[in-house]
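Breakdown of the fold
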Amino acid sequence: SLAVSILKQRSDLVLINNDFTVIDQQQQSQTMQQITEEWLANNQDRWQKILTTMRRKDKWKKSVPYTVQSWISYLKMRGIDRERAIKLQQYTADDSYLCWALELLVDYIDVLNENAWVDFDDLLINTWKLLKSDGEFCQRLSDKWSYVFEDEAQDSNLVQETILQLLAGEDGNLVRVGDSNQAIMGTFTAANPAVFRKFCARDSVQQE
C-alpha cells in the first residue's frame, strides 16, 4: 500500500500507466500458468531432450509453473527488465534453464504491459527507481515521516530495505521489527531473511 501511494504521485517518472492495476497472488499464478503452458507447447523439442524418461517429463512439466514464478521474481528483483532479458538471451545456451527463464520473463512482462498490470515485485522495483531518480520527491517524503517502522522484517528483501532506508533519510530513523527464526516467505517469494539478519548485525556494530 505504501508503494502504491508513492507511485500514484509520480507514475510518469517510472513510465507506468497511472491507472495501473495491482494483481494479487492468485491472478499472478494464473498468468504464470498460462504463459508456461504456452511456452512448453511451443518448445517441446528443447525441454524434452534433457529428460530421459516420460515419467520424469510428466513430473517436471507439472512442476514448471511454480518454478517459473520463482525464476521470474528472482530475475526481476535483480533489475532484469524486458530489454535486458532479451540482450542476456544472446549469451545463454538454448538448452539452459537461464535462457528459458529469460524468455518466460519477457512473455510475462508483455502480458502485464498489455493489461496495465503490475505485480508486487513491480511495486517495489518501480518505487525504488522513483525514489532514486527524483531526490527532491524522496526528500519531501522523508521530511513527511519522522520515523519509518517495518513489522515482520524477516520477510523483507533487499529492495524493500533500500526503499525504507531512503524514506528514513540520512538520520536513519528506521525501526525494523522481526524474528529471522520465523521467516516463512523465502521459499516462494523474493523475501530473504539474511537481509534482516545483516541489518541487525550492522546496527549492533554501530551501537558498540
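Residues numbered from 1 in each chain as written. Predicted model: local features only at pLDDT ≥ 70, side-chain atom pairs only at ≥ 80, totals over all residues. Heavy atoms only, no water.

On to the environment of Glu103. You can see Glu103 is positioned in helix 6 (residues 97-115). The exposure class assigned to Glu103 is buried, which follows from its relative accessible area of 16%. Through-space distance from the C-alpha of Glu103 to that of Leu88 is 9.9 Å; in sequence the pair is 15 residues apart. (Helix = DSSP H or I, 4+ residues; strand = E, 2+ residues; numbered from the N terminus. Buried < 20%, exposed > 50% of the residue type's maximum accessible area, 1.4 Å probe, protein only.)

Before going further, it helps to spend a moment on the packing of helix 8 (residues 135-144) against helix 9 (residues 158-168). Remark: helix 8 packs on helix 9, axes separated minimally by 7 Å, with the N-to-C direction vectors making an angle of 75 degrees. Considering the angle they form, helix 8 stands roughly perpendicular to helix 9. Residues Cys138, Leu141 and Ser142 of helix 8 form the contact with helix 9, whose participating residues are Leu166, Leu167 and Ala168. Here the residues of the contact of helix 8 with helix 9 sort into five nonpolar, one polar and no charged. (Axes fitted to C-alpha atoms, helices over the stretch in contact; angles between N-to-C directions. Parallel < 35°, antiparallel > 145°, perpendicular 65-115°, else oblique. Contact = heavy atoms within 4.5 Å. Nonpolar A, V, L, I, M, F, W, Y, C, P; charged D, E, K, R; others polar.)

The subject of this paragraph is unusual backbone geometry. Of note, Ala116 is a non-glycine position whose phi angle comes to about 55 degrees, a positive value. The phi dihedral of Glu152 falls on the positive side, at around 55 degrees, and the residue is not glycine. Take Glu152: it is sitting in the loop between strand 3 (148-150) and helix 9.

Trp47, Trp60, Ile72, Leu105 and Tyr108 are the most contacted members of the largest nonpolar core, which totals 25 residues. Residue assignment for this core shows that the elements contributing at least two residues are helix 2 (25-42), helix 4 (54-76) and helix 6. When residues in this core are grouped by element, the largest group, eleven residues, is from helix 6. (Core = buried A, V, L, I, M, F, W, Y, C linked by side-chain atoms within 4.5 Å.)

It is worth spelling out a nonpolar patch on the surface at this point. Nonpolar side chains collect at one region of the surface, where Tyr147, Phe149, Val175 and Val177 lie side by side and expose about 420 Å² of accessible area between them. Examined against the element boundaries, Val175 turns out to sit in strand 4 (residues 174-176). Looking at Val175, the relative accessible area reads 31%, which means it is partly exposed. (Patch = residues over 30% accessible without salt bridge, like charges linked within 9 Å, V, L, I, M, F, W, Y side chains within 5 Å. Areas by Shrake-Rupley, 256 points an atom, 1.4 Å probe, with all protein chains shown as cover. Salt bridge = Lys/Arg side-chain N within 4 Å of Asp/Glu carboxyl O.)

Moving on: the packing of aromatic side chains. In this structure the tally under the stated criterion is four aromatic pairs. A network of ring pairs unites the aromatic residues Trp39, Trp71, Tyr97 and Trp100 as a single cluster. If you follow Arg78 out to its NZ or CZ, it ends over the ring of Tyr74, 3.6 Å from the centre. The aromatic ring of Phe199 is capped on one face by Arg176, whose charged end is 4.7 Å from the ring centroid. (Phe/Tyr/Trp six-rings, centres within 6.5 Å; stacked < 30°, edge-to-face > 60°. Lys NZ or Arg CZ within 6 Å of the ring centre and 35° of its normal.)

We now examine the side chain of Gln154. Along the chain, the position of Gln154 falls in the loop between strand 3 and helix 9. Among the polar contacts listed, one links the side chain of Gln154 to the side chain of Glu152, at a separation of 2.8 Å. Reaching out from Gln154, the side chain makes a polar contact with the backbone nitrogen of Asp179 at a distance of 3.0 Å. (Polar contact = N/O pair within 3.5 Å; in protein donor to acceptor, adjacent residues only side chain to side chain.)

Once that is clear, we can look at the environment of Leu104. Summarising the element assignment, Leu104 is placed in helix 6. Take Leu104: its relative accessible area is 2%, and that puts it in the buried class. Residues Leu104 and Trp39 lie 65 residues apart in sequence; the distance between their C-alpha atoms is 7.5 Å. Leu104 has contacts with Ile35, Thr36, Trp39, Val68, Trp71 and Ile72, leaving out every residue within four places of it along the chain.

Applying the stated criterion across every chain, the model contains seven salt bridges. In this structure, Glu161 and Arg176 form a salt bridge, with 2.7 Å as the shortest nitrogen-oxygen distance. In this pair, Glu161 sits in helix 9 while Arg176 sits in strand 4, placing the two residues 15 residues apart along the sequence. Here the salt bridges do not stand alone but share partners, grouping Arg46, Asp94 and Glu103 into one network.

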